[in-house]
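Residue-level structure breakdown
Spelled out from the first residue to the last, the chains are:
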Amino acid sequence: MAEIQIEEASGNREYWLNRPYLSEQVRGLLDRSSVFLVPQEGFRGQDMQVFPVGTEGFFQHLRDSLPSDASVEIAIDDDQYKELALHSTLLIIGGALVTLYFFPVLVEVTSEYIKQRLLSEDEQNATLVRWEVTVVDGERTRKLTYEGPPNDLSKKLLDAISQSPSDIPINPTHPLIEEATDDAGLS
Amino acid sequence: MRDLVKISRDLSSPSLQTDYDPILADLSLHKTNAVRAGDEAEAKRIWCIEHAAEVQQLYHQAYRFLQASQFYDAWRKLEQVELGLNRLRRHDTEHWSSFYLNFIDSKTKAIQGLYPYKIFMSPEFVELQKKCNICERPISIRNPCGHKVGEIYNGEYCFRIVTDFEVVGMAFVESPVQKYSVAFMADPKTGGMVDQYNYSTVKYLYDRWPSPYHDWQVEWTKSLHPKHLFGTLRRNEKCPCDSGKKYKNCCMNLNGIIRPHAVFDFKYPINPSLQRVELSY
């Protein structure tokens, strides 16, 4: 049974642009992108940023498959890139942040990637997928978390974003953003 | 060196007597020749045949381990069969039926389902550095080598080699990626592995399975099992039906214990002396 959660997100675009472990070069790349992958921070208390195993292939798939006007990036410097292997049959896809405009095509391309990765019908039936995607719509940021069968992902996410109530208050500024902004002298 | 037609004919009628070492050696030579000739498509086609031969060989090894009651060894071979089939699936549809890969796929899953293993150890680690097995280049997220995991290049399957990693945890899971990581007990004196599992359902099968290509089916149902099979049952103990409830709140007032029940359908005659079912708990 597929589950989907929508919440007003704390990890908005500025949050990621101001992460202290990013170089200025990567910040610039992220700032110009329409879609970027985001790491998991502080897994099991570790002071490192990690991406789910297989993110390398997912990132290349997005670069190859998304329209040419959708610039795709990843919120980490090359030499800091690490993957976390949990070895469970739950297939965790790298979290993404995307503008509302590119959200539908990102969902379709991600769904296609999962189908290619889980080739057999048995594998598709036996595997659950988890994917977090943060959608930026002007000042508003929503995080959608999907966990369920691979085949339901596309429809559930597209339905969810269209049904998401519009009166949810915009998330107040995250304290970490203020902190990072101050540190960077950007405020 | 035998030609590919002869090799394909051998793989189309596999048996426990099939000798895979010369087959694999010949295939390796054919593949080397194709690579030298720059024929990428032919090298890939030979990889598919080679991989199918390896899957058959692993399946036969699993069968032999079952016959020798080496259940965990058989389990590990079956996992390798499963992984081999998964690698092959995206590249080869031509030989799936003729090389009995559909049959092997179906029997592998069915045998795995008979095993009593439920809890597995799952390592959690951070992969700090990886390289490509095709070009040996370290993986760089923004400057990829261009070789995609799962594709075939020069007759070789592409994967990543983890060259540096850090273990961050170990979890107990019910659905592992690596099926070999079965949780076993340890002998408190020697620290050696103790196999605490009951393999009666697997034994029931292999006592009645004369070759790895004799067909059978299994259907899982639930049925009442006599209570005396479960020893002394106390009201407040966990119910042996594995519901997680106390016995008094579960099967105590039933005429038996509800347990999974495997119904075998052998597609060939079996020895009447083996038709009696013996299951111990």
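Being a predicted model, the structure only gives us computed values, none of them experimental.

1. As for the overall build of chain B
Helix and strand content of chain B: six helices and eight strands. When the helices and strands of chain B are placed in sequence order, the string is α-α-α-α-α-β-β-β-β-β-β-α-β-β. Its C-alpha atoms give chain B principal-axis dimensions of about 75 × 50 × 35 Å. Sorting the 281 residues of chain B into buried and exposed places 43% on the buried side. Across chain B, every contact between residues at least 6 apart in sequence was considered, and the portion connecting residues at least 24 apart equals 70%. Accessible surface for chain B amounts to roughly 15200 Å². Of this, 51% is attributable to carbon and sulfur atoms. In chain B, which carries 37 positive and 33 negative side-chain charges, the distance between the mean positions of the two groups comes to 8 Å.

2. Some details on the pairing of strand β9 (residues 140-148) of chain A
Residues and elements named next belong to chain A. Across the nine residues of β9, seven count as buried, placing the element largely inside the fold. Here strand β1 (residues 3-8) pairs with β9 via six bridges, running antiparallel. Across the sheet, Ile6 pairs through a bridge with Leu144, a residue of β9. Note: strand β8 (residues 128-137) against β9, nine bridges, orientation antiparallel. Residue pairing across strands places Glu132 opposite Thr145, the latter belonging to β9. Taking the residues between adjacent antiparallel strands as the criterion, β8 and β9 are bridged by two residues, where Gly138 takes a positive phi near 65°.

3. Comments concerning the sheet that holds strand β4 (residues 49-52) of chain A
Strand order in the open sheet made by the five strands is β3(A)-β4(A)-β6(A)-β1(B)-β4(B), with mixed pairing throughout. Each end of this open sheet is capped by a strand with a single partner; those strands are β3 (40-41) of chain A together with β4 (160-173) of chain B. Pairing of strand β1 (residues 120-132) of chain B with β4 of chain B involves 12 bridges; the strand directions are antiparallel. Bridge pairing in β4 of chain B links Glu124 of chain B to Gly169 of chain B.

4. Quick word on the confidence of the model for chain A
Residues and elements named next belong to chain A. The predicted model of chain A has a mean per-residue pLDDT of 84, with 84% of residues at 70 or higher. Model confidence for chain A, summarised as mean pLDDT per element, is weakest for helix α7 (residues 175-183) at 37 and strongest for strand β5 (residues 72-74) at 97. Throughout residues 167-187 the model reports pLDDT below 50, and contacts reaching past four residues in sequence, or to other chains, amount to 24 contacts.

5. Thoughts on the packing of aromatic side chains
As enumerated under the stated definition, the model contains 30 aromatic pairs over all chains in all. Here Tyr101 of chain A and Phe102 of chain A contribute two aromatic rings whose centre-to-centre distance is 4.9 Å and whose plane-to-plane angle is 85°, an arrangement assigned as edge-to-face. Judged by centre distance (4.2 Å) and plane angle (15°), the ring pair of Phe71 of chain B and Tyr199 of chain B falls under stacked. Separated by 128 residues along the polypeptide, Phe71 of chain B in helix α4 (residues 71-89) and Tyr199 of chain B in the loop between β6 (193-194) and α6 (200-206) bring together distant segments of the chain. The pair Phe71 of chain B / Tyr199 of chain B is uniform in exposure class, with both members buried. Over the aromatic face of Tyr157 of chain B sits the side chain of Arg87 of chain B, whose NZ or CZ is 5.8 Å from the ring centroid. Sitting over the face of the ring of Phe103 of chain B, Lys107 of chain B holds its NZ or CZ atom 4.9 Å from the ring centroid.

Reading guide: rules and limits
Residues numbered from 1 in each chain as written. Chains lettered and ligands numbered in written order. Predicted model: local features only at pLDDT ≥ 70, side-chain atom pairs only at ≥ 80, totals over all residues. Heavy atoms only, no water. Helix = DSSP H or I, 4+ residues; strand = E, 2+ residues; numbered from the N terminus. Buried < 20%, exposed > 50% of the residue type's maximum accessible area, 1.4 Å probe, protein only. Contact = heavy atoms within 4.5 Å. Areas by Shrake-Rupley, 256 points an atom, 1.4 Å probe, with all protein chains shown as cover. Lys, Arg positive; Asp, Glu negative; His and termini not counted. Charge placed at Lys NZ, Arg CZ, Asp CG, Glu CD. Pairing = 2+ DSSP bridges. pLDDT = per-residue confidence, 0-100. Phe/Tyr/Trp six-rings, centres within 6.5 Å; stacked < 30°, edge-to-face > 60°. Lys NZ or Arg CZ within 6 Å of the ring centre and 35° of its normal.

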